[in-house]
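As a plain string of letters, each chain reads:
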Amino acid sequence: MRERLKRLAPKSMIRIYQRARYLGITALFFAARLLPVRKNLVALCNVWGYGDNAKYVAEELIARKKAAREAGNAKSSRTPDLSAQERKLWRSLQIVFITNHPEQVPACPELTARRTNTPRAVLALACARVWVDNNRKEAYIRKRRGQYYIQLWHGGVALKKIEGDCVQALGKEYIRRARRDSAATDLFISNSDFCTRMYRRAFWAKCEIAEYGSPRNDRFVHTAAEQAADGEKNNSRAGQTAAYAEAGGINSTKAGRTAEQAADGELNCSRGVTAEGKLLPRCAVYAPTYRTGRNSFCSFDAAQLRAALADRFGGEWEILVRLHPLAAEGRDLRKIPGVRDISGAPDLYEILYGADVLITDYSNTMFEFAMTGRPVFLYADDVREYEKERGLYFDFRTLPFDGAETAKELYRQIRDYDPERRRGELRRLYEAVGLKESGKAAALVAERIAAECAGE
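Residues numbered from 1 in each chain as written. Predicted model: local features only at pLDDT ≥ 70, side-chain atom pairs only at ≥ 80, totals over all residues. Heavy atoms only, no water.

The topology assignment puts E110 in the loop between β2 (94-99) and β3 (111-115). A polar contact is formed between the side chain of E110 and the side chain of R69, at a distance of 3.0 Å. Filtering out sequence-adjacent residues up to four positions away, E110 remains in contact with I62, K65, K66, R69 and I95. (Helix = DSSP H or I, 4+ residues; strand = E, 2+ residues; numbered from the N terminus. Polar contact = N/O pair within 3.5 Å; in protein donor to acceptor, adjacent residues only side chain to side chain. Contact = heavy atoms within 4.5 Å.)

Evaluation of the coordinates by the stated rule reveals 23 aromatic pairs. Centroid distance F220 to Y353: 5.0 Å. Interplanar angle 75°. Geometry classified as edge-to-face. Separated by 133 residues along the polypeptide, F220 in helix α9 (residues 218-229) and Y353 in the loop between α14 (348-352) and β11 (357-360) bring together distant segments of the chain. By relative accessible area, Y353 is classed as buried at 5%. Put simply, the rings of F194, F367, Y393, F394 and F401 touch in pairs and so form one group of aromatic residues. Here K137 stacks its cationic end above the ring of W131, 5.0 Å away from the centre of that ring. (Phe/Tyr/Trp six-rings, centres within 6.5 Å; stacked < 30°, edge-to-face > 60°. Buried < 20%, exposed > 50% of the residue type's maximum accessible area, 1.4 Å probe, protein only. Lys NZ or Arg CZ within 6 Å of the ring centre and 35° of its normal.)

Here the chain averages 83 in pLDDT, and 79% of its residues register 70 or above. Here residues 231-250 is a poorly scored stretch, pLDDT under 50, and it has 50 contacts once near neighbours within four places are set aside; other chains count. Within the model, pLDDT remains below 50 along residues 252-265, and this stretch shows 43 contacts once partners closer than five positions in the same chain are excluded. (pLDDT = per-residue confidence, 0-100.)

Taken together, the six strands give an open sheet; going across it, the order is β10-β9-β8-β11-β12-β13, and neighbouring strands pair in parallel fashion. The two strands at the open ends of the sheet, each matched to only one other strand, are β10 (339-341) and β13 (402-404). Recorded for the sheet is a direction-independent mean angle of 25° between the axes of neighbouring strands. As judged from the three bridges shared by β11 and strand β12 (residues 376-379), these two strands associate in the parallel manner. If you follow L358 over to β12, its bridge partner there is V376. Sheet contacts for helix α12 (residues 302-313): β8 (282-286), β9 (317-321), β10, β11 and β12; angle to β9, the most-contacted strand, approximately 130°. (Pairing = 2+ DSSP bridges. Axes fitted to C-alpha atoms, helices over the stretch in contact; angles between N-to-C directions.)

Remember that side chains alternate between the two faces of the sheet whenever the strand is regular. By the alternation rule, side chains of β11 split into V357 and I359 and L358 and T360, which are all buried. In this sheet, β11 lies alongside β8 in parallel orientation, the contact comprising three bridges. Directly across from V285, in β11, lies its bridge partner L358.

On to the packing of helix α2 (residues 11-32) against helix α5 (residues 119-127). For the pair α2 and α5, the least separation of the axes is 9 Å and the interaxial angle reads 40°. Our pair here, α2 against α5, has a crossing hand that is right-handed. Only P119, V122, L123, L125, A126 and C127 of α5 make contact with α2, whose side of the interface consists of I25, L28, F29 and A32. Its residues assigned to classes, the contact of α2 with α5 comprises 10 nonpolar, no polar and no charged. (Left-handed = near helix turned anticlockwise from the far one by under 90°. Nonpolar A, V, L, I, M, F, W, Y, C, P; charged D, E, K, R; others polar.)

Quick look at the sheet that holds strand β6 (residues 187-189) now. A sheet is described by the order of its strands in space; here seven strands give the open sequence β3-β2-β1-β4-β5-β6-β7, paired in parallel fashion. Only two strands of the sheet have a single partner each, and these edge strands are β3 and β7 (208-210). This sheet shows a mean twist of 20° between the axes of neighbouring strands, independent of strand direction. In the sheet, β2 pairs with β3 via five bridges, with the strands oriented parallel. Of the residues in β3, the one forming a bridge with T99 is R115.

Time to look at the pairing of strand β5 (residues 148-151). Residue alternation in β5 divides its side chains into two sets, Y148 and I150 and Y149 and Q151, and both sets are buried. In this structure, strand β4 (residues 128-133) lies alongside β5, joined through four bridges in parallel fashion. Looking at the pairing, V132 lines up with I150 of β5. Both β5 and β6 contribute to a ladder of two bridges, which runs parallel. Bridge pairing links I150 to L187 in β6.

If you look at the biggest cluster of nonpolar residues, it comprises 51 residues, and the most contacted ones within it are L159, V285, F367, F394, F396, L399 and F401. Breaking this core down by element, the ones donating at least two residues are α8 (193-202), β8, α14, α15 (365-369), β12, α16 (383-389) and α18 (419-433). Per element, the largest residue contribution to this core is five residues, and it comes from α8. With near-sequence residues (within four places) excluded, F396 lies in contact with L159, D361, Y362, L378, A380, V383, E387 and G403. (Core = buried A, V, L, I, M, F, W, Y, C linked by side-chain atoms within 4.5 Å.)

Right under this line is the structure:
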């Protein structure tokens, strides 16, 4: 109903309403700052929904809170040898998740959902001891003494230039707000030497940067270990498990070992079956990034794409399309034959964990999904224009992935896919960027939050 009213109302009325509401929220925020900071309150934010790095930190906090509550009955691996004071801290922790889509947040007593820019969300931000954000904060939000701001960001190793490295594309007003937001940040979370350098340069970071890895990537590490624990030692993914266990994740000295251990054309081995015992279709996720002025994102023939995937990897295939939230708004992909629109899914990474193939253009998901050893294909039919408009950190044509600029080229590259050809290149890229994925990023961030709430 709300979206329908926005479409029907005159734009002038919408602007007046938005301005009045913004002024009211701003006044409420500064009034709420008269209240004391609550040492046990943590406010996590992800504007697009219950997903990305903020979600996985929230889940770690919830698990630790539950474990501390149950610590008297049984010992928990998440809260080993906690003192009485530490158990008290975890039990008393109040966790608030602020997003545009609070309906996506699971209902549980340990977590409270709040809609962005509502009075209760504003109150939480004004009084929280720790802020944990996945995006930039709204312009009216100001940190005060006694608050601690952790910036997770929604990226890592990047292809497209961001923040201060593409000022012309983002505009002066956004850059001004971004610089102020970075000045208020106390801790950036990085997953690589590349990311750390980027934070210093393009995010103007003068605070501490912790190279914990990305919380959303932890599960890429854990999935392989879980499969080994289930006894899938004959599966070719067991070699990946061994590499992860030995390295404690992915780091710059053992980067790319996952891809090296993968068998020729190996896909996700965890597919289920229907009630009739039929193997579910394999899934190729098409996840293009957002760019302004782009109206069409599926410039391929789904039938031909499925045929190419079947020719190379066998089996039946389903094409899942996940647009960026800004691109998905108001679009109906149901008119495009042969694809399933999953743009409304709150968390892309929940989908990627079970996907067989990723097709993207400029999204950093290429570097993350490739950790699994599963195939990544790049399809960018506007690469020349995008390079001029936004700029890239790497040469698109020399990335360790098959890159196509036309649909026919994409189909051909899928049929000709040779993982051996790319493994060395991928390993060298991971080494060059100094990738540091520990598989424990969410846990390390949670421990940092607890330390700040305890006043250490």
